[in-house]
Amino acid sequence: MTRMKFMNIEIDNVTMEEALMRIDYLIKIKKNAYVVTPNVDHIVQIETNSELRQVYNDANLILTDGKPLIWLSKLYGNTIKEKISGSDLFPKLCKMAELKGYSLYFLGAAPGVAIKAAENLKVKFPKLRIVGTYSPSMGFENNRNEIDKIVSDINKAQPDILIVALGCPKQELFIYRYREALNVPISLGLGATLDFVAGNIKRSPKWMSNIGLEWLYRTAQDPKRLIKRYFINDMKIFKYIPRYIRSNR
């Protein structure tokens, strides 16, 4: 596995096929592994969130989610091979799980979304084993009783793959804090993926994704929530770019 320095994190510089092979291996060795998929927003948050930085330092697989990061890697002189967004990885992961008999559990999204996503996936992958879904309440991360219930429910279901769709940094911190309590071979934080699969949110056209404009399409769908993220918070990356040029080269 080729891991390279990129700004304030490291990246596993792999193709989609290599990423799936690595995930398959991590499932088989059953070591409470987890996958993160950094994008511009994550890079910005890591600058001021020390626990999130530790999550990334300890991750078993770090995949690049976003064309802007690939463009920046060229600036640093070490190009990332391929954009591997969670929403592109997920259907391929489901296909692999169906073929190999791996089971999945979905944690996150609004009430009913994970169930609808599971129903849609069963149409496309009839033999896919989805052993549980749960939509936690707002602020659940501060409710020890609900966390214990979630951990217990997941362990009873015994999934091979845990999909956590709570947004960054909540999903990454949940996986990191409770990975030892969760008896799951591999966990992935995949943001809005369940919403996409459920049809709750439309993905951008392929051509927009290919040229790095998926963020613009998503902003048009949910401006109240995403304008601040994309047009204010994520713009901070421009002041971090020069800081890492020497160390990244």
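Structure: above.
Residues numbered from 1 in each chain as written. Predicted model: local features only at pLDDT ≥ 70, side-chain atom pairs only at ≥ 80, totals over all residues. Heavy atoms only, no water.

Undergrad: Sorry, what's going on with the pairing of strand β1 (residues 3-6) here?
TA: Where a strand is regular, its side chains alternate between the two sheet faces. Of the two faces of β1, only the one carrying Met4 and Phe6 is buried; Arg3 and Lys5 on the other face are not. The pairing of β1 with strand β2 (residues 9-12) spans four bridges and is classified as antiparallel. Its bridge partner lying in β2, Arg3 is registered against Asp12. Connecting β1 to the next strand, β2, in antiparallel fashion are two residues, including Met7 with a positive phi near 50°. (Buried < 20%, exposed > 50% of the residue type's maximum accessible area, 1.4 Å probe, protein only. Helix = DSSP H or I, 4+ residues; strand = E, 2+ residues; numbered from the N terminus. Pairing = 2+ DSSP bridges.)

Undergrad: What's the story with helix α4 (residues 67-75) in this structure? I'm lost.
TA: An α-helical segment advances 3.6 residues per turn. Residues three or four places apart therefore align on the same side. Along α4, the positions that sit buried rather than exposed are Leu69, Ile70, Leu72 and Ser73. Seen from one end, α4 has its buried residues packed into an arc of 160°, which puts them on one side. (Arc of directions from axis to C-beta.)

Undergrad: How do you make sense of the sheet that holds strand β5 (residues 103-108) when you look at a structure like this?
TA: Within a sheet, neighbouring strands are paired by backbone hydrogen bonds and run either parallel or antiparallel to one another. Here six strands make up an open sheet; going across it, the order is β4-β3-β8-β7-β5-β6 and the pairing parallel. The open sheet has two free edges, formed respectively by β4 (61-62) and β6 (129-134), since each of these has just one partner strand. Pairing between strand β3 (residues 33-36) and β4: two bridges, direction parallel. Across the sheet, residue Val36 finds its bridge partner in β4, namely Ile62. Where helix α1 (residues 16-29) meets the sheet, it contacts β3, β4, β7 (161-165) and β8 (186-189), and its direction lies at approximately 135° from that of β8. (Contact = heavy atoms within 4.5 Å. Axes fitted to C-alpha atoms, helices over the stretch in contact; angles between N-to-C directions.)

Undergrad: Whenever I open this one, the pattern of salt bridges confuses me. Can you help?
TA: Pairing of side chains with opposite charge becomes possible as their charged atoms draw close. Following the criterion strictly, the structure yields 10 salt bridges and no others. Its salt-bridge partner being Arg3, residue Asp12 comes within 2.7 Å of it at the nearest N-O pair. One salt bridge connects Arg243 with Glu47, and the closest N-O pair in it is separated by 2.7 Å. On the criterion of sequence distance, the pair formed by Arg243 in the loop between α13 (237-240) and α14 (245-248) and Glu47 in the loop between α2 (40-46) and α3 (50-58) is long-range, its members being 196 residues apart. Connected via shared salt-bridge partners are Asp24, Lys28 and Lys100. (Salt bridge = Lys/Arg side-chain N within 4 Å of Asp/Glu carboxyl O.)

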